[in-house]
Amino acid sequence: MSEQGAGRPSLPEIDVREKGAEKDGERQYMDRRLFMQLLVFNVERETHPEDAIRRLGKTLRKRDAAGTIYKDVNNPRGIGLLTWSEDPEFFATTLRDALCDDKNDSLDLCPDFTMIGRSYSSGFEQDLPYWLINRPIETVTNPDWPWAVWYPLRRSGAFEQLEGREKGGILHEHALIGRAYGEKNLAHDVRLACHGLDYKDNEFLIGLIGENLYPLSHVVQSMRKTKQTSQYISQMGPFWVGHMAWTSRGG
């Protein structure tokens, strides 16, 4: 007897492509996305942090690897390294080799601040390739926006049980605040999904980037009163604050 005849439910249809808004009458689809990872290090006392930054930047440039190096605002001997690639194998090969280079042996990883995620679409993007690939890179390499606040978060299970229209309204309220800060050039965001990638089971990774630090703090404060944050966020943080010291788009 066939599975259908036995009354067994059929398997769900799976489509892992990213989806954007209709363009020229057709829905946009793309099977590309950007992976981004933040690694935070403490520089051993035998090495000055500025020397560590120069060495790390030189190592990345030698391998044509893209990245942004930050000074850790809350740790005078700390630095952060943000790297990205469409191919996640980059982190297990090129980046791994670069960090294991003996020129960078003064870097002591702080694993509690390790964050990794992938760009994703909401289904409404007018220019899907730009949103998924180019926009995040432009945001984190802009020298006019040297400040960064990175943090992971997880929504509660109750949010996923909401009806689609109610869920959309909650997300729209949140998005409008972010857009208002962006329009005034106060804060720009990088939104990444990290389902199954984050070792603490967080679902999203957020980067707030801007010219000054205060607006980045202010947008977090403003978001606290939204329905999503006040009722449906079960975990946020740790928050990591950095100031750009070096950046390169690679190649």
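Presented here is a report on the structure given in the accompanying data block. All of these numbers come straight from a predicted model, not from anything done at the bench.

### A look at the overall build of the protein chain
Helices and strands together make up the secondary structure of the protein chain, namely eight helices and 12 strands. Relative to its full complement of 251 residues, the protein chain shows a buried share of 46%. Put simply, 77% of the contacts in the protein chain that link residues at least 6 apart link residues at least 24 apart. Of the roughly 14,100 Å² of accessible surface on the protein chain, a fraction of 49% belongs to carbon and sulfur atoms.

### A closer look at the environment of Leu-153
Mapped onto the fold, Leu-153 is located in strand S8 (residues 147-155). On the accessibility criterion, Leu-153 (10% relative accessible area) is buried. In sequence terms Leu-153 and Phe-204 are 51 residues apart; their C-alpha atoms lie 5.4 Å from each other. Residues contacting Leu-153, with those up to four places away along its chain left out, are Asn-202, Glu-203, Phe-204, Ile-206, Ile-233, Gln-235 and Met-236.

### What to know about the nonpolar core
Formed by 24 residues in total, the largest nonpolar core has its most connected members in Met-36, Tyr-70, Leu-82, Trp-84, Val-140 and Trp-150. For this core, the leading source of residues is helix H4 (residues 128-141), giving five residues. Ignoring sequence-local partners within four residues, the contact set of Trp-84 consists of Leu-34, Phe-35, Met-36, Ala-66, Gly-67, Thr-68, Phe-90, Phe-91, Ile-137, Val-140, Thr-141 and Ser-248.

### Describing helix H1 (residues 49-62)
Residues that lie three or four places apart on an α-helix share one face, since the helix turns once every 3.6 residues. Its 14 residues place the ends of H1 20 Å apart at the C-alpha level, agreeing with the 20 Å of an ideal helix rising 1.5 Å per residue. Within H1 the residues assigned to the buried category are Pro-49, Ala-52, Ile-53, Leu-56, Gly-57, Thr-59 and Leu-60. Angularly, the buried residues of H1 cover 160° about the axis, an arc narrow enough to put them on a single face. Projecting away from the buried face of H1 at angles above 90 degrees are the exposed residues Arg-54, Lys-58 and Lys-62. Lining the buried residues of H1 we find strand S3 (35-43), strand S4 (67-72), strand S5 (78-85), helix H3 (94-99), strand S6 (107-109) and strand S12 (240-248).

### Observations regarding the pattern of salt bridges
Counted by the stated rule, this structure contains 11 salt bridges. Across the pair Glu-86 and Arg-32 runs a salt bridge whose closest N-O atoms are separated by 2.8 Å. Here Arg-32 lies in the loop between strand S2 (26-30) and S3 and Glu-86 lies in the loop between S5 and helix H2 (89-92), a separation of 54 residues in the sequence. On the basis of relative accessibility, which here comes to 36%, the residue Glu-86 falls in the partly exposed class. With a shortest N-O distance of 3.1 Å, Lys-71 and Glu-50 are connected by a salt bridge.

### Structural notes on a negative patch on the surface
Where like charges cluster on the molecular surface, the negative patch consists of Glu-44, Glu-46, Asp-102, Asp-105 and Asp-108. Structurally, Glu-46 is set in the loop between S3 and H1. The class for Glu-46 is exposed, based on a relative accessible area of 69%.

### Details of the packing of helix H6 (residues 164-183) against helix H7 (residues 213-223)
At their nearest, the axes of H6 and H7 sit 10 Å apart, and the two run at 160° to each other. By the angle class used here, H6 and H7 are roughly antiparallel. For the pair H6 and H7, the crossing hand works out as right-handed. Every residue of H7 that contacts H6 at His-174, Ile-177, Gly-178 and Tyr-181 is listed here: Pro-215, His-218, Val-219, Ser-222 and Met-223. Per-class residue counts for the contact of H6 with H7 are five nonpolar, four polar and no charged.

### Some details on unusual backbone geometry
Here the amide bond leading from Gly-237 into Pro-238 is cis, since omega sits at 10°, within 30 degrees of zero. Note on placement: Pro-238 falls in the loop between strand S11 (233-236) and S12. Positioned with a positive phi, Asp-24 is a non-glycine residue whose angle comes to about 55°. Residue Asp-24 is classed as exposed on the basis of its relative accessible area, which comes to 78%. The phi torsion at Asp-201 lies on the positive side, around 65°, for a residue other than glycine.

Conventions adopted
Just so you know, the residues in each chain are numbered from 1, in the order the chain's sequence is written. Two thresholds apply to this predicted model, a pLDDT of at least 70 for residue-level local features and 80 or more for giving and counting side-chain atom pairs, whereas whole-chain, interface and lining totals are computed over all residues. To get the side-chain values, take all heavy atoms of the structure and skip hydrogens and water. By the criteria applied, helices consist of DSSP H or I runs no shorter than four residues and strands consist of E runs no shorter than two, each listed in order from the N terminus. Accessible area is worked out with a 1.4 Å probe on protein chains only. A residue is then buried under 20% of its type maximum, exposed over 50%, and partly exposed in between. The contact criterion used is simple: two residues touch if any of their non-hydrogen atoms lie within 4.5 Å. Using the Shrake-Rupley algorithm and a 1.4 Å probe, accessible areas are obtained, with residue cover drawn only from the displayed protein chains. The term nonpolar core refers to a set of buried residues drawn from Ala, Val, Leu, Ile, Met, Phe, Trp, Tyr and Cys, joined through side-chain atoms within 4.5 Å. Every helix has an expected span of 1.5 Å times one less than the residues it contains. This arc describes the spread of directions from the helix axis toward the C-beta atoms. Note on definitions: salt bridges are taken to be side-chain nitrogens of Lys or Arg within 4 Å of carboxyl oxygens of Asp or Glu. Without a salt bridge and with relative accessible area above 30%, a residue can belong to a patch; like charges are then joined within 9 Å and nonpolar side chains (Val, Leu, Ile, Met, Phe, Trp, Tyr) within 5 Å. We treat Lys and Arg as the positive residues and Asp and Glu as the negative residues; His and chain ends play no part in the count. Charge placement uses NZ in Lys and CZ in Arg. For Asp and Glu, CG and CD serve respectively. The axes used here are C-alpha line fits, helices contributing only the stretch in contact, and every angle between their N-to-C directions lies in the interval 0 to 180 degrees. Between 65 and 115 degrees an angle is taken as roughly perpendicular, under 35 as roughly parallel, over 145 as roughly antiparallel, and anywhere else as oblique. Take the far helix as your reference; a near helix turned counterclockwise from it by less than a right angle gives a left-handed crossing, and one turned clockwise gives a right-handed crossing. Note on residue classes: Ala, Val, Leu, Ile, Met, Phe, Trp, Tyr, Cys and Pro are nonpolar, Asp, Glu, Lys and Arg are charged, and everything else, Gly too, is polar.

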